[in-house]
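What follows is the residue order along each chain.
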Amino acid sequence: RRLLLSAALAALAAVSASQALCSAWQLAFAGAPAMPVLRPGATTASMASSLPRQAEGEGEEGEEDPEEVERREMLKAEMKAQRAADKAWRTGINLDGDNLDNLQEWYEEGLAGVGGMPKDVGQQAFFLDLILRSFFGEMKKGWIVDNMAKRAYTGENNQPCNTDFETAWENFKRNVKEGVYVGRDDGQGWTWLVASQSPGGLELYLAREPPFGERPLALIKTSDPDEFFDKVDWNRLFIRLHKPQLWGGTVSRFPIPLGKQRQFSLR
């Protein structure tokens, strides 16, 4: 009996101590939220119930819809093709000097502009200067005249003015229409606008045969030169100005006449 009484007193003391501890907690932390009490096994049950949902979610992510996969692949292919098309448009068509079988496409590519005289803005202003330095002086058929001494510009202090730029532009158009060009005529019906690096700097000239070793900028139909002047895209020609020279084919004649001899055969 004494043992039972001692055990009961010990249990009562433990309960009293627990109540005293709770009272002390409430007094020390007045207004603090009560400590949550979970039922036995509640945590285990919550975690166990989340495992099936997580496994179900992982299964859904692993099994993609075939139509969605196909749609995504098609979108990637379209974007890749669009980037390739944009790059091809920026760089433009390249001439194959060995065959020259895409002249018509190359010609049409240069006619995507608004035509007319180059504007005095941006990269078009560079062509405006090139036309001035290349066509302001006199030219004779079959040869480029060194017109440095004949560039008597009419602006203040012998500087070029708007009238000089217009004069060079009209000279350029007249030379195309009247057939003032360098070299021989191959009879293909094309007039080439060519950029050449001379001792005096970069200049333009006209030719009626492929300008091997030079930088071709545009083709002009000998039978319809106005189509070029009405539709020329100077921005496209500026891109071509930075491309490599035209090489290819079999060279059998020197393109520029020497002295009184119009053509110099290469052996």
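Owing to the predicted nature of the structure, the values given are computational and were not obtained by experimental measurement.

Cut-offs used in this document
- Every residue gets a number counted from 1 within its own chain, in the order that chain's sequence is written.
- The predicted nature of this model means local features are confined to residues of pLDDT at least 70 and side-chain atom pairs, given and counted, to a pLDDT of 80 or more, with totals for whole chains, interfaces and linings taken over all residues.
- Note that the side-chain values use all heavy atoms of the structure and ignore hydrogens as well as water.
- Numbering of helices and strands runs from the N terminus, with a helix taken as a DSSP run of H or I at least four residues long and a strand as a DSSP run of E at least two residues long.
- Any two residues whose heavy atoms approach within 4.5 Å are treated as being in contact.
- Paired strands, as defined in this entry, are two strands with at least two bridges between them according to DSSP.
- As a rule, the C-alpha atoms of each element are fitted with a line to give its axis, helices using only the stretch in contact, and angles between N-to-C directions run from 0 to 180 degrees.
- Multiply 1.5 Å by the residue count of a helix minus one, and that product is the helix's expected span.
- Note on exposure labels: buried denotes an accessible area under 20% of the residue type's maximum, exposed denotes more than 50%, and partly exposed covers the range between, all computed with a 1.4 Å probe on protein chains only.

K.L.:
Account for the side chain of glutamine 124, naming residues and giving values.
P.N.:
With respect to the helices and strands, the residue glutamine 124 is situated in helix α5 (residues 124-135). When sequence neighbours within four positions are dropped, the list of residues in contact with glutamine 124 reads Pro118, Lys119, Trp234 and Asn235.

K.L.:
Run through the sheet that holds strand β3 (residues 201-208), naming residues and quoting values.
P.N.:
Strand order in this open sheet of 4 strands is β1-β3-β2-β4, and the pairing throughout is mixed. The sheet is open, and its two edges are formed by β1 (182-185) and β4 (215-221), each paired on a single side. This sheet shows a mean twist of 20° between the axes of neighbouring strands, independent of strand direction. When strand β2 (residues 190-198) meets β4, the two strands line up antiparallel, connected through 6 bridges. Paired with valine 194 across the bridge in β4 is proline 216.

K.L.:
Could you give me a rundown of helix α6 (residues 162-178), with the residues and numbers involved?
P.N.:
If you check α6, its first and last C-alpha atoms are 24 Å apart, about what 17 residues at 1.5 Å a residue would give, namely 24 Å. What α6 keeps buried is the set Asp164, Phe165, Ala168, Trp169, Asn171, Phe172, Lys173, Asn175 and Val176. For α6, the secondary structure elements touched by its buried residues are α5, β2, β3, β4, α7 (225-231) and α8 (234-241). Taken from the residues just after α6, glycine 179 is the one with a positive phi, measuring 80°.

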